[in-house]
Each structure stands twice: as C-alpha cells, then as structure tokens.
Amino acid sequence: MTIRVVVADDQELVRSGFALILDAQPDIEVVAEAGDGAAAVDAVRRLAPDVALLDIRMPGTDGIEACRTICTETGCRTVMLTTFDSDEYVYEALHAGASGFLLKDVRRDDLVHAVRVVAAGDSLLAPSVARRLIADYTSRPAAPAAPPSARLDVLTARERETLLHLAHGLSNAEIAAALVVSEHTVKTHVGNVLSKLGLRDRIQAVICAYECGVVTPSPEGRSPAASPARVRRAPGEDRSAG
C-alpha cells in the first residue's frame, strides 16, 4: 500500500528536498507540496493523504494551526518539522494533535522511517525532543499525592501498567519484556488504552499519563528510567489482570 504524503514548508529548497527523498521510496508518494499552512490544509482536504509533513514556522497559517485543523477535520496524521529545538513548539505541536516531531537536520533514513511509523498509526519523537520532554517533567517539584483521575477508571490494572510504560517511552517489545507477555498482547493493551481514553496515538497517551497522575516526577529530579514512577490502581484491581 502506498503512503500518500503532503509536504509543507515555506522554503522551496527544503520542501523540494524532503519531497525528493520521500518520492524516491517505492512505498511513498508525495501528492502535493505547499508553501504555507493554509495551502497545506487545502491540499489535505482535497487529496486525503495519509501523512502531512508540516514546517512549524510558515507565513499566514503556521504549522501548528494547520496541524490543529488537519487533526480535527481529517484522518490525516501529521509530522512537524522545525529548525528550532524549542520546548514551546514541542508542546504546542503535541497538543495540536501531531503524531511526530522532527528537527530539520534529520537524517534521510530517519525521515523516511518517521513517515512510515506515523502512517502505520504509531507516533515518533526525535530523541532530543523526547529527552527534553522527560527532563522537563522530571525536574518539576513533586506534587502532593492525589487520587488518580476518574478518567482512568475505565482501564484495567494491566492497561494502567501499559500506560505507565508508554509514558516512559518504551516500545511494544520493551513493554512485553517488562510485563512478561507477548507483543501481540501489548498491542491489544495499547489499543484498549487509546480506545477507552479517546486518544489518537501514543503521544497523546504520554500527555494523558502525566496529566492524570499515572506518572509523577521524582523529588530528586531523576528521569523515569532511573526512578520508576508510581502506577495507581483502583481498589480491588488485580495486578495480574490483562
């Protein structure tokens, strides 16, 4: 199946470069190029591509607003591209519904991989972006313990554990190893988490995990990998469920 892509960037050489890289792949077709956010939104509405690559800073309608419109109105998934390694842009893009975030100095193979990953329904962050997000969350003062959000009541104990591991950035294979289950079972748990919580993808699951208190920053400011976060279970839940 061919992955149909729209590429949007106000710099023609950058836009054409990305388009050439992607069009050279046997399973990817660039169906349109756009020089601003409004043109990108129009192309997505007309052509119904699978993925839109959107530059953050574009004249008129910028990439963030284009991403928000595309994610709200269509089933197209978005990957944000920027030369600015800024937390502000990361947070705005994630909350707008972006499924991926890459810096413009991304390697050719990583760009192609990102499009394939996002088209397949998963999500992807540049490693530097992921590190900055984790560092920001874990450097915040620890908040007093509070009951988990009622939003999580629909999850089983195993699904909450899966959400915890998603928040720590683990892959399906790593989650399977941690839970001692098969990758197929993990995919089922991940799908259940997204469906029950009304989430678009794994990135939104990470945001939800922090906002709902599934993961809490450690007082020492250590990363989740160094200090396991707490998974709060509803009374009577069986840890072995799922």
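Only a predicted model underlies this, so the values are computations on that prediction, with no experimental measurement involved.

This part is about the packing of helix H7 (residues 157-167) against helix H9 (residues 183-197). Contact pair H7 / H9: the axes reach a minimum separation of 9 Å and the direction vectors enclose 95 degrees. The orientation of H7 relative to H9 falls into the category roughly perpendicular. Between H7, through Arg158, Glu159, Thr162, Leu163 and Leu166, and H9, the contact on the second element is made entirely by His189, Val190, Asn192, Val193, Lys196 and Leu197.

Bringing the nonpolar core into the picture now. Within the largest apolar cluster, 30 residues are counted, with the highest numbers of intra-cluster contacts made by Leu54, Cys67, Ile70, Met80 and Phe101. Breaking this core down by element, the ones donating at least two residues are strand E1 (3-8), strand E2 (28-34), helix H2 (37-47), strand E3 (51-55), helix H3 (63-73), helix H4 (87-96), strand E5 (100-103) and helix H10 (202-211). Beyond its immediate stretch of four places on either side in the chain, Ile70 contacts Val41, Val44, Ala52, Leu54, Cys76 and Thr78. Among the nonpolar cores identified, the runner-up in size contains 22 residues, and Ile3, Leu81, Val117 and Leu124 belong to it.

Our focus in this paragraph is the side chain of Thr69. The residue Thr69 is located in helix H3 in this model. Setting aside residues up to four positions removed in sequence, Thr69 forms contacts with Val41, Arg45 and Thr74.

The phi torsion at Ala48 lies on the positive side, around 50 degrees, for a residue other than glycine. Structurally, Ala48 can be placed in the loop between H2 and E3. The backbone of Val180 shows a phi angle near 60 degrees, a positive value even though the residue is not glycine.

It is worth spelling out the pairing of E5 at this point. Residue alternation in E5 divides its side chains into two sets, Gly100 and Leu102 and Phe101 and Leu103, and both sets are buried. Taken together, the four bridges between strand E4 (residues 77-82) and E5 define a ladder with parallel strand orientation. Following the sheet pairing, Leu81 is matched in E5 by Leu102.

Helix packing for two helices is described by the angle between their axes and how far apart those axes are. It is at 10 Å that the axes of helix H1 (residues 12-23) and helix H5 (residues 108-119) come closest, and there the two elements cross at 70 degrees. With respect to H5, the element H1 is oriented roughly perpendicular. In this structure, H1 contributes Phe18, Ile21 and Leu22 to the contact, and H5 contributes Arg108, Leu111, Val112 and Val115. Broken down by class, the residue content of the contact of H1 with H5 amounts to six nonpolar, no polar and one charged.

What counts as what
Residues numbered from 1 in each chain as written. Predicted model: local features only at pLDDT ≥ 70, side-chain atom pairs only at ≥ 80, totals over all residues. Heavy atoms only, no water. Axes fitted to C-alpha atoms, helices over the stretch in contact; angles between N-to-C directions. Helix = DSSP H or I, 4+ residues; strand = E, 2+ residues; numbered from the N terminus. Parallel < 35°, antiparallel > 145°, perpendicular 65-115°, else oblique. Contact = heavy atoms within 4.5 Å. Core = buried A, V, L, I, M, F, W, Y, C linked by side-chain atoms within 4.5 Å. Buried < 20%, exposed > 50% of the residue type's maximum accessible area, 1.4 Å probe, protein only. Pairing = 2+ DSSP bridges. Nonpolar A, V, L, I, M, F, W, Y, C, P; charged D, E, K, R; others polar.

Read these as layout, nothing more, since geometry by itself doesn't imply function.
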